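# Close look at the chain arrangement
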Amino acid sequence: MSAPLLDISGLSAISTRENARVLRDVDLVVAEGEVHGLVGESGAGKSTIAKAVLDMLPRTIRVTGGRIVFRGRDLASLDRASLRALVAREIALIPQDPMTGLNPTRRIEAQLTDGMRLVAGMSRGEARERALALLEEVRIADPARTLAAYPHELSGGMRQRVLIAAAFALEPKLVVADEPTTALDVTVQKQILRLIRGMQERHGTGVIFVTHDLGVVAKICDRVTLLYQGKVVEAGTAREMIETPRHAYTRALLAASPRYDRPEHGCDPVPGSVVAGLEAEIARHDEGRAP
Amino acid sequence: MADALPRESAPLDAATAAPSLAQRARRPLWRDLLAEKRVVIAGSYLALLALVAIFAPWIAPRDPLEQDLMLSLLPPAWAAGAEPGYWLGTDDLGRDVLSRLIYGARVALTVALVAATLAAILGSVLGLLAGWYRGLVDGAVSRLVDIWMAFPPVLLSILLVAIIGAGLPAVIIAIVIIDWTRFCRVVRAETMQQAAQDYVIAARTIGFSRRAILIREILPNVAPVLVALVSLEMGIAVIVEAILSFVGLSVSSDMPTWGGMIAQGRQIIHHAWWVLAAPLAMLFVTVLAFNQLGDGLRRALDPVARR
Amino acid sequence: MSLAAVLRRLATAAVTLFGVAVVVFVLLRVAPGDPIAMMIGPGASEADIAALRARYGLDQGLVTQFFIWLQGLIAGDLGTSISLRSDVLGLLGQRLPATLELAGAALVVALLVGGTIAILGTLARRSPGEAVVDGANGLLLAVPDFIWALAFVLVFAVFIPVFPLTGRMDPTIDMDFATRFFLLESLVRAEFAVFGNIVSHMTMPVLALALPLAAIVARVLKGALIEAMGQDYVLLARLKGKSELRLVLQEALRNALPATLALTGVQFTFLVGGTVIIERIFAYPGIGNMAIDAVINRDLPLIQGIVLAFGAMFIAINLAVDLAVAALNPRLRHG
Ligand SMILES: Nc1ncnc2c1ncn2[C@@H]1O[C@H](COP(=O)(O)OP(=O)(O)OP(=O)(O)O)[C@@H](O)[C@H]1O
Ligand SMILES: [Mg+2]
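This one's a predicted model, so the numbers in the text were calculated from it and none came from an experiment. (Residues numbered from 1 in each chain as written. Chains lettered and ligands numbered in written order. Predicted model: local features only at pLDDT ≥ 70, side-chain atom pairs only at ≥ 80, totals over all residues. Heavy atoms only, no water.)

## A few points about the overall build of chain B
In terms of helices and strands, chain B carries 13 helices and zero strands. Counting helices and strands in the order they occur from the N terminus, chain B gives α-α-α-α-α-α-α-α-α-α-α-α-α. Within chain B, buried positions represent 51% of all 307 residues. When contacts within chain B are restricted to residue pairs at least 6 apart in sequence, those whose partners lie at least 24 apart make up 73%. Accessible area of chain B: about 14,100 Å², with a carbon and sulfur share of 65%. (Helix = DSSP H or I, 4+ residues; strand = E, 2+ residues; numbered from the N terminus. Buried < 20%, exposed > 50% of the residue type's maximum accessible area, 1.4 Å probe, protein only. Contact = heavy atoms within 4.5 Å. Areas by Shrake-Rupley, 256 points an atom, 1.4 Å probe, with all protein chains shown as cover.)

Structural data, given as structure tokens:
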């Protein structure tokens, strides 16, 4: 196996706002061209990992240990400017909420071509051509009209398509998708999932796919990392994890998530004994470590 | 709308019914006030200024009206050519600037205190009525506020004083007539909001009269905002008085005022800058103090922030 | 904003303006003091006074006077100034442009200064610099135009005498103006020496008027900018390598403007009201300065004309703000 696209090892972080651990020795490997699911309940630290990869952590979160190696380069070893340049060129983000992901006062064309002109140095005309092709690729019916539109003139699904187009615009090596379908309704969700998977396969892009929904994982991910309170509970291929879960928590979550194939299936809450077990693991982990 | 709510949803036990200011304060009020640095600093300055104003005859080094043309345009004590005993120099009529400044505080503080209090009373009463009774009363009061807001305040105050005739009472009346709207708008909005809260509805359901509720429940809750507004209004009143004195429409010239001194200083600016600088500095510091006190009070008394 | 909405606003505005006119009219007539007596002074004969009273319509009943005045108003005649003995409309036409230029320039300066403070504060957010910017702005917020004006007089006219103390331009300037908008006209006609002279005369009054408004603009705009900077679209643009300054200018500013404009519109009317005393301090020949003389001389027709002019300006400002807010918001622009 060739060197991985992204290799996170032992990543730890604390929140100075809440004065609490946010990540606990997280290991996470994303291979080239792989969709890697990052799963956990709210507050588990999924977005924190995503932001750490993008070098966009808020000041109130401090990394206390570990390494993030992207294509063989330790991100911590780069100076600010080259890190920014690297991220701009090779890593892209699909945000959660298509409503706030697009600037309401700028036309789609300006927003879609920003990166092409700024990072790839394309001319206005080149960027426009590329934008039209991209919109076609994400199956937007009338690309020319969409380019001239303001965000509020598009539906939620259309906007998310625009954001996906923008993410793939510079042929990044890695796309971070932070719950890209949570804000959409179910039918649109499926289309968007299929679209991301399709784009990713065509372009050979690695994807970190953040979600709290194991059902989504089954649909799109190759490998999965499951987090609880910033600690990796279980990691493996999506198929293994769903068919033969090893950890009690994973089993409980699987029971709790409404499945695509059985939407009428009720949700069972995570049992108290499982939570107690997890808390004990967390406590063992934290023992003897400086806060 | 309030009456449509189910009655049983409004129990009147101590836990849910409502917190008048006194009940709410877990800590004594003065502790909150002292914790707010701005309140302490601005408050001390203003208290000192008030003492100076009250005891002006004992504090002022000389008679503020005494002219001595032999001693006109003396510079302040630290400048060359100064005369001992005239700390801030003299004006073109040889009057002692420091003494005039001290006596000027009397007019400034009188106007601040009386005008702000009266404006607060007038505005609050109208605002309470409009916010509580709504309907026709509210319509009339709000329209009046709108028309008032279409006047430039400075022009209106000059107009009013010209009509009523110059003098301290006229200045005060003018400020009250112009600035009651500030209180009215805030109190009206606050009353409307408070009137829709559970505890007021509760008080109504167990049969308190409207007036009793207004006085017992709403007024104490509006009070913190009012106190802060009064402080801000005092700063505004000091400025308006100075402006009217500057234009020559305030008190007669045998009573020293900061605004009057400023007008005079403006005339002789090229001969004696200190005649303008001294009252201007006092005006600045005093307005700033009222402002900071108001802001600080708003924070310290805010019932939400206090808990 | 639809045409119907604009018309509705204009109609309410007309009613308010009428209310203002009535209030001023009544106040002035019931007030003690006789403008005619002020005008000719002691020693005039009874007959002279009566003749003058008749000439200015002051011998009629109150209601009749009001309707005469109203009739004139509708026909575009605001009467004759008693103290200046000339047509009120003409006087306004002469003086109003000076006030409009003063207030307009102050608005531009306030937006520039306030915008700069807000942007600096946004860039420095959550750093020690933010407290410095906020503190400075708090000071600006607390000090009224009157104090600024006199402080400028003290500093820039006496200690560091760089700006002329009074007037609109040097009396020695000899330029044939086609309009009364001297500032604009000298700029358009590329008379830069004249333009510079006018600018130097306007600097102190404009700054005095602008600073308090700038502080309000800064506070509101900074809040809106910081909110906008937390949005995902800013994050995405930041990932593409845009500098913080460009993020503020290109991504956040447009989104923060409507709220800021709406909130500062009312404050701008206070600025316009402030021209009265500021023009007085700098002997600037606008309608505010004229207003104070008119009040002191009890010049009823002139006072009424000026108050109406101010009322009209206030209403126009509010309308313009609403239109600008609508124009800045693409959602509203496209219906
Ligand atoms: N800006 C911040 N500053 C400090 N701590 C933060 C900040 N944002 C989040 N945290 C803390 O970090 C922890 C992890 O948050 P994170 O946003 O990574 O969770 P998440 O898994 O993405 O949850 P969600 O599903 O709700 O998005 C939480 O405990 C949260 O309180
Ligand atoms: Mg998240």
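So much for the structure itself; the text now carries on.
## Comments concerning the interface of chain A and chain C
Listed per partner, the contact involves 26 residues of chain A and 21 residues of chain C. Buried area between chain A and chain C, summed over both chains or domains, comes out near 2,200 Å², and the portion from carbon and sulfur atoms is 59%. When the buried surface of chain A facing chain C is broken down by residue, Thr105, Leu118 and His152 of chain A rank first, second and third, together holding 23% of it. Where chain A packs against chain C, one counts two salt bridges. A salt bridge links Glu251 of chain C to Arg106 of chain A; its shortest N-O distance comes to 2.6 Å. (Buried area = accessible area lost by both parts, 1.4 Å probe. Salt bridge = Lys/Arg side-chain N within 4 Å of Asp/Glu carboxyl O.)

## Some details on the pattern of salt bridges
One pass over the structure, following the stated rule, counts 32 salt bridges over all chains. Here Arg38 of chain B ties to Asp295 of chain B by a salt bridge, and the two come within 3.9 Å at their closest N and O atoms. Separated by 257 residues along the polypeptide, Arg38 of chain B in helix α3 (residues 37–54) and Asp295 of chain B in helix α12 (residues 273–301) bring together distant segments of the chain. Overall, the relative accessible area of 24% leaves Arg38 of chain B in the partly exposed class. Between Lys222 of chain C and Glu130 of chain C there is a salt bridge, and its shortest N-O distance comes to 2.9 Å. Separated by 92 residues along the polypeptide, Lys222 of chain C in helix α9 (residues 192–229) and Glu130 of chain C in helix α6 (residues 128–142) bring together distant segments of the chain. Neither Lys222 of chain C nor Glu130 of chain C differs from the other in exposure class; each is buried. Residues joined by salt bridges that share partners form a network here, namely Arg106 and Asp114 of chain A together with Lys242 and Glu251 of chain C.

## Describing the nonpolar core
In summary, soluble globular proteins display a tendency toward joint burial of nonpolar side chains. Phe146, Ile281 and Ile306 of chain C are the most contacted members of the largest nonpolar core, which totals 172 residues. Broken down by element, the residue count for this core peaks at 18 residues, all from helix α10 (residues 210–247) of chain B. If sequence neighbours within four positions are ignored, Ile281 of chain C has contacts with Phe246 and Arg266 of chain B together with Phe146, Ala149, Leu150 and Val153 of chain C. (Core = buried A, V, L, I, M, F, W, Y, C linked by side-chain atoms within 4.5 Å.)

## Some details on the pairing of strand β6 (residues 91–94) of chain A
Residue and element names in this part refer to chain A. In β6, alternate side chains face the same way, and those of Ile91 and Leu93 on one face and Ala92 and Ile94 on the other are all buried. Pairing geometry for β6 and strand β7 (residues 174–178), over four bridges, is parallel. Across the sheet, Leu93 pairs through a bridge with Val176, a residue of β7. (Pairing = 2+ DSSP bridges.)

## Some remarks on the arrangement of the chains
Ranked by contact count, the leading pair among the two pairs of chains in contact consists of chains B and C. One finds no contact linking chain A with chain B; the least C-alpha distance across the pair is 20 Å.

## Focus on the site of ligand 1
Residues and elements named next belong to chain A. Glu18, Ser42, Ser47, Thr48 and Thr60 are the nearest of the 16 residues found near ligand 1. Within the side chain of Lys46, an N or O atom sits 2.8 Å from an oxygen atom of ligand 1. In the environment of ligand 1, an oxygen atom lies 3.2 Å from a nitrogen or oxygen atom belonging to the side chain of Glu179. Contact with the protein chains covers 75% of the free accessible surface of ligand 1, which is 630 Å². The element contributing the most residues to the shell around ligand 1 is helix α1 (residues 46–54), with three residues. Looking at the shell around ligand 1 residue by residue, the classes come out as four nonpolar, seven polar and five charged. (Near = heavy atom within 4 Å. Polar contact = N/O pair within 3.5 Å; in protein donor to acceptor, adjacent residues only side chain to side chain. Nonpolar A, V, L, I, M, F, W, Y, C, P; charged D, E, K, R; others polar.)

## Observations regarding the interface of chain B and chain C
The interface is formed by 31 residues belonging to chain B together with 41 residues belonging to chain C. Taking both partners together, chain B and chain C bury about 3,400 Å²; carbon and sulfur atoms supply 87% of that area. By the criterion of area lost to chain C, the three top residues of chain B are Leu155, Ile163 and Arg266 of chain B, representing 18% of everything that side buries. Inspection of the chain B/chain C interface yields one residue pair in polar contact (both at pLDDT 80 or more). Contributing elements (two or more residues each) for the side of chain B that touches chain C: α6 (135–149), α7 (153–164), α10, α11 (258–267) and α12 of chain B. Counting residues per element, the side of chain B that touches chain C draws most heavily on α12 of chain B, at nine residues. The residue inventory of the side of chain B that touches chain C, partitioned by class, reads 27 nonpolar, two polar and two charged.

## Considering empty space enclosed by the protein
Enumeration over the complete set of coordinates arrives at four cavities of 30 Å³ or more. Estimated volume of the largest cavity: approximately 190 Å³. In terms of lining, the largest cavity is formed by 17 residues, of which the most central are Ile91, Ala92, Ala166 and Ala167 of chain A together with Lys240 of chain C. Listed by contribution, the elements that provide at least two residues to the lining of the largest cavity are α2 (80–90), β6, α4 (108–118) and α7 (156–168) of chain A together with α10 (232–239) of chain C. In this structure, the second largest cavity occupies an estimated 110 Å³ of space. Taken together, 15 residues line the second largest cavity, and the ones lying closest to its centre are Gly101, Leu102 and Gln111 of chain A together with Leu236 and Lys240 of chain C. Counting residues per element, the ones that place at least two in the lining of the second largest cavity are α4 and α7 of chain A together with α10 of chain C. Element by element, the count of residues in the lining of the second largest cavity is highest for α4 of chain A, at four residues. (1 Å grid on protein atoms, 1.4 Å probe; cavity = no way out; pocket = protein on both sides within 12 Å on 5 of 7 lines; lining within 4 Å. Points joined across faces, edges and corners; volume = space filled by probe spheres on them.)

## A closer look at the UniProt feature "transmembrane region" (unreviewed entry) in chain B
All names here are of chain B. Under the feature "transmembrane region" (unreviewed entry), the UniProt entry names residues 39–60, 107–133, 153–178, 218–251 and 271–290. With 88% helix and 0% strand, the stretch residues 218–251 has end C-alpha atoms that lie 39 Å from each other. End C-alpha atoms of residues 271–290 are separated by 32 Å, and the span's content is 90% helix alongside 0% strand. (UniProt positions renumbered as here; feature names shortened; annotations may be inferred.)

## Here we look at α6 of chain B
Counted at 1.5 Å a residue, the expected span for α6 of chain B with its 15 residues is 21 Å, and the 21 Å between its end C-alpha atoms agrees. Residues of α6 of chain B that are buried include every one of Asp138, Val141, Val145, Ile147 and Trp148 of chain B, and no others. Each element contacted by the buried residues of α6 of chain B is listed here: α5 (97–133), α7 and α8 (168–195) of chain B together with α1 (3–30) of chain C. (Expected span 1.5 Å × (residues − 1).)

## What to know about α10 of chain B
Since the α-helix turns once every 3.6 residues, residues separated by three or four places project in the same direction. Residues and elements named next belong to chain B. Along its 38 residues, α10 runs just 46 Å from first to last C-alpha, ending more than 12% under the 56 Å computed at 1.5 Å per residue. Taking the largest bend as the criterion, α10 deviates by roughly 45°, centred on Leu219, and proline Pro220 comes between one and four positions later. Positioned one or two residues after α10, Gly248 has a phi angle of 95°, which is positive. (Bend = angle between axes of the 7 residues up to and from the residue.)

## A look at unusual backbone geometry
Residues and elements named next belong to chain A. Notably, Asn19 is not glycine yet its phi reads approximately 50°, a positive angle. Positionally, Asn19 belongs in the loop between β1 (6–15) and β2 (20–30). A positive phi is found at Asp25, a non-glycine position, where the angle reads about 50°. As for its position among the elements, Asp25 is in strand β2.

## Considerations on the environment of Lys222 of chain C
Residues and elements named next belong to chain C. Among the residues examined, Lys222 registers a relative accessible area of 12% and is labelled buried. Sequence-wise, Lys222 and Pro330 are 108 residues apart; in three dimensions their C-alpha atoms are separated by 21 Å. In contact with Lys222, other than residues within four places in its own chain, are Ala118, Gly121, Thr122, Glu130, Asp134 and Val217. Of the polar contacts made by the side chain of Lys222, one reaches the side chain of Asp134; its length is 2.9 Å.

## Quick notes on a positive patch on the surface
All names here are of chain A. Together, Arg139, Lys190, Arg194 and Lys219 line one region of the surface with positive charge. With respect to the secondary-structure elements, Lys219 resides in helix α9 (residues 214–220). Assessed through its relative accessible area of 45%, Lys219 is described here as partly exposed. (Patch = residues over 30% accessible without salt bridge, like charges linked within 9 Å, V, L, I, M, F, W, Y side chains within 5 Å. Lys, Arg positive; Asp, Glu negative; His and termini not counted. Charge placed at Lys NZ, Arg CZ, Asp CG, Glu CD.)

## Notes on the packing of aromatic side chains
The full count for this structure, using the stated rule, is eleven aromatic pairs over all chains. Look at Trp273 of chain B and Phe159 of chain C: their rings are 5.3 Å apart centre to centre, the planes differ by 70°, and that puts the pair in the edge-to-face class. Here Trp273 of chain B, found in helix α12, pairs with Phe159 of chain C, found in helix α7 (residues 145–159), and the two come from separate chains. We classify Phe159 of chain C as partly exposed; its relative accessible area is 46%. (Phe/Tyr/Trp six-rings, centres within 6.5 Å; stacked < 30°, edge-to-face > 60°.)

## Focus on the side chain of Asp179 of chain B
Of note, Asp179 of chain B is situated in helix α8. Once you skip the residues sitting within four places of it in the chain, Asp179 of chain B turns out to touch Ala119, Glu233 and Ile236 of chain B.

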